[in-house]
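Geometric and topological summary
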Amino acid sequence: MLICSGGNTVHFLIPGCDYIIGRKSDCDIVVDADVKYGVSRKHAKLSYHINGELLFTDMSQFGSFVNSEKISGGRSIAIKDGYQVRLGQHSTVWTFEKMKIVVSNLPSQQKRQVLATVKTRGIEYTNEWDVSCTTLVMSKICTTVKVILL
């Protein structure tokens, strides 16, 4: 699973699906109508393959930018983790990152269920929290109140 974020929106992309981005209301990812300058009704297609490859295809009149490189004329480019995409003259930059979870405080059976689901969704899993983690899965939150007397 990939996280696609831009402006004030976040989209979760599932492997094996195509997503159309544009200003038309029936697009899978609709660009905010207030900032649609230079964005076509159906501007681009994201194809997220089962093998984890994300392919960006420009379908617009004016092109798109992937890491500041102009992509136009129906050209496709593979999107890697951390790449940035800008549609036409639109000021919003979209970023893509793999979803990476860490599981904590789950009984063994629940942990196995979560991991089985994670594997079918193309989500990375780790046993330890680090800065690349995007999600923490827990069954409960425990807090400890500590008082420091001076």
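Okay, so let's go over this structure.

This brings us to the overall build of the protein. Scanning the protein from terminus to terminus reveals one helix and 14 strands. Relative to its length of 150 residues, the protein is extended, with a C-alpha radius of gyration of 19 Å against a globular reference of 15 Å. Principal-axis analysis of the C-alpha atoms gives the protein an extent of 60 × 45 × 25 Å. When the 150 residues of the protein are sorted by exposure, 33% land in the buried category. Considering only contacts in the protein between residues 6 or more positions apart, those separated by 24 or more positions represent 44%. Accessible area for the protein stands at about 9500 Å²; split by element, carbon and sulfur atoms hold 51% of it. Taken as two groups, the 18 positive and 13 negative side-chain charges of the protein have centres that lie 3 Å from each other.

Let us now look at the environment of R75. With respect to the helices and strands, R75 occurs in the loop between β8 (69-71) and β9 (76-79). Take R75: its relative accessible area is 36%, and that puts it in the partly exposed class. When the C-alpha atoms of R75 and W94 are compared, they prove to be 18 Å apart, with 19 residues separating the residues in sequence. Those residues within four positions of R75 in sequence are excluded, and the remaining contacts are F56, T57, D58, E69 and K70. Within polar-contact distance, the side chain of R75 engages the side chain of E69 at 2.8 Å.

The antiparallel open sheet is built from six strands, whose spatial order is β2-β1-β11-β10-β7-β8. Lying at the two open borders of the sheet, with one neighbouring strand each, are β2 (9-13) and β8. Ignoring strand direction, the axes of neighbouring strands in this sheet form an average angle of 25°. Relative to strand β10 (residues 84-87), strand β7 (residues 64-66) runs antiparallel, the two sharing three bridges. Following the sheet pairing, F65 is matched in β10 by R86.

Looking now at a nonpolar patch on the surface. Taken together, the side chains of W129, L136, M138 and I141 define a hydrophobic patch exposed on the protein surface, amounting to about 450 Å² of accessible area. Its location among the elements puts M138 in strand β14 (residues 135-138).

The next point concerns the packing of aromatic side chains. Here the structure, examined in full by the defined rule, presents zero aromatic pairs. In this structure, R86 packs its charged tip against the face of F65, placed 4.4 Å from the ring centre.

Criteria and cut-off values
- Residues numbered from 1 in each chain as written.
- Predicted model: local features only at pLDDT ≥ 70, side-chain atom pairs only at ≥ 80, totals over all residues.
- Heavy atoms only, no water.
- Helix = DSSP H or I, 4+ residues; strand = E, 2+ residues; numbered from the N terminus.
- Rg over C-alpha atoms; globule rule 2.2 N^0.38 Å.
- Buried < 20%, exposed > 50% of the residue type's maximum accessible area, 1.4 Å probe, protein only.
- Contact = heavy atoms within 4.5 Å.
- Areas by Shrake-Rupley, 256 points an atom, 1.4 Å probe, with all protein chains shown as cover.
- Lys, Arg positive; Asp, Glu negative; His and termini not counted.
- Charge placed at Lys NZ, Arg CZ, Asp CG, Glu CD.
- Polar contact = N/O pair within 3.5 Å; in protein donor to acceptor, adjacent residues only side chain to side chain.
- Pairing = 2+ DSSP bridges.
- Axes fitted to C-alpha atoms, helices over the stretch in contact; angles between N-to-C directions.
- Patch = residues over 30% accessible without salt bridge, like charges linked within 9 Å, V, L, I, M, F, W, Y side chains within 5 Å.
- Salt bridge = Lys/Arg side-chain N within 4 Å of Asp/Glu carboxyl O.
- Phe/Tyr/Trp six-rings, centres within 6.5 Å; stacked < 30°, edge-to-face > 60°.
- Lys NZ or Arg CZ within 6 Å of the ring centre and 35° of its normal.

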